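# Survey of secondary and tertiary structure
Listed here are the chains, written in short residue letters.
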Amino acid sequence: MKYVYIIMALASLLWGIELKSVSGLGGGNSNLALIQNGEALIRNPAFLNGLGLSYSRQSIDTGLKDYDKYQFEYFSYGDLGAGSVTYKEKNGDAYNISLLGFGVPVKDGIKWGCTLETINLSRDDIYYQTWSTKIGISYLATFPTKMLLGFTLENIIKEDSQQTAIETAPKFAFGLGFIPMNNMLWTHSFSYKRKEGEKVNYSTGISLMVDKDLVIMGGASKDGYSVGLELPLGFAKLSNLGKVSYSIVMPFDIKQEIRYNIGYSFGI
């Protein structure tokens, strides 16, 4: 089960203004069921409980197709996590989002957690600020079959930002993971943003552990097809130096260029 848990950490559904991670993109953004590191800040804060020390710095869209810049950085330890997401869109809008979260076990496989997002936007030399929250719940179900469930509610508790240019529409996501065979995880997610013209989005992904240090993944979401790879840094007794994550997202429209993402993580 230790290896299965590690696999389940490799795909995700991300919610926020524009909150993404390298491994999440590689797995089709399809898992809210289990996260083993500080990425729980943006994926499902219920899993900020009981973590070791972890740090990561990630670059999304390294080819600058969608953004002029996108960096995600986090620290986590125990039941707490802190981080930031900074990105600049092609229209010139620049976001700086500070993240602070915690996770709490309840009982019988149930956990919950919350992330506070402080959102700063710079647009045409005018600055806006607001805050919002992401609330996450996780549950390990054993009947009728063993599966992990995850829920997130975002922008339910927030500052009334109608007078700013920052959009914080309420969002909901539900995810589940199955283990169809040894060392493989198949995940699914459904998400909805309460906004005119929005509809329920579905994504799915598969993660396969080739051995305990090498994981490959793939998936599909509204953004396109994706593949990903995680490799350890170091070897033998030094194999816990960290890992490199790399993922590719291929839009359904073949006229659009492929997006590349890379990140480094350290954890003990």
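Reading guide: rules and limits
Residues numbered from 1 in each chain as written. Predicted model: local features only at pLDDT ≥ 70, side-chain atom pairs only at ≥ 80, totals over all residues. Heavy atoms only, no water. Pairing = 2+ DSSP bridges. Helix = DSSP H or I, 4+ residues; strand = E, 2+ residues; numbered from the N terminus. Buried < 20%, exposed > 50% of the residue type's maximum accessible area, 1.4 Å probe, protein only. Polar contact = N/O pair within 3.5 Å; in protein donor to acceptor, adjacent residues only side chain to side chain.

## Let's talk about the pairing of strand β12 (residues 224-233)
Bridge count for strand β11 (residues 214-221) against β12 is 7 bridges, and the pairing is antiparallel. Bridge pairing links G218 to V227 in β12. Hairpin connection of β11 to β12: 2 residues between the antiparallel strands. Looking at chain direction, β12 and strand β13 (residues 242-250) are connected through 9 bridges and run antiparallel.

## Considering the side chain of E230
Tracing the sequence through the fold places E230 in strand β12. Taking relative accessible area as the criterion, E230 reaches 6% and is therefore assigned buried. In terms of polar contacts, E230 uses its side chain to reach the side chain of K243, at 3.1 Å.

## Comments concerning the side chain of S30
Here S30 shows up in the loop between α2 (22-26) and α3 (40-43). Here S30 falls in the buried class, since its relative accessible area comes to 0%. Within the local environment of S30, its side chain forms a polar contact with the backbone oxygen of G27, the two atoms lying 3.1 Å apart.

## Some points on the pairing of strand β4 (residues 94-105)
Bridge count for strand β3 (residues 80-89) against β4 is 9 bridges, and the pairing is antiparallel. Residue V85 lies in a different strand from β4, and its bridge partner there is I97. Between the end of β3 and the start of β4, which pair antiparallel, lie 4 residues, with G92 showing a positive phi angle near 100°. Adjacent in sequence and paired antiparallel, β4 and strand β5 (residues 110-123) are bridged by 4 residues, among which D108 carries a positive phi angle near 50°.

These figures come from the coordinates and say nothing about function on their own.
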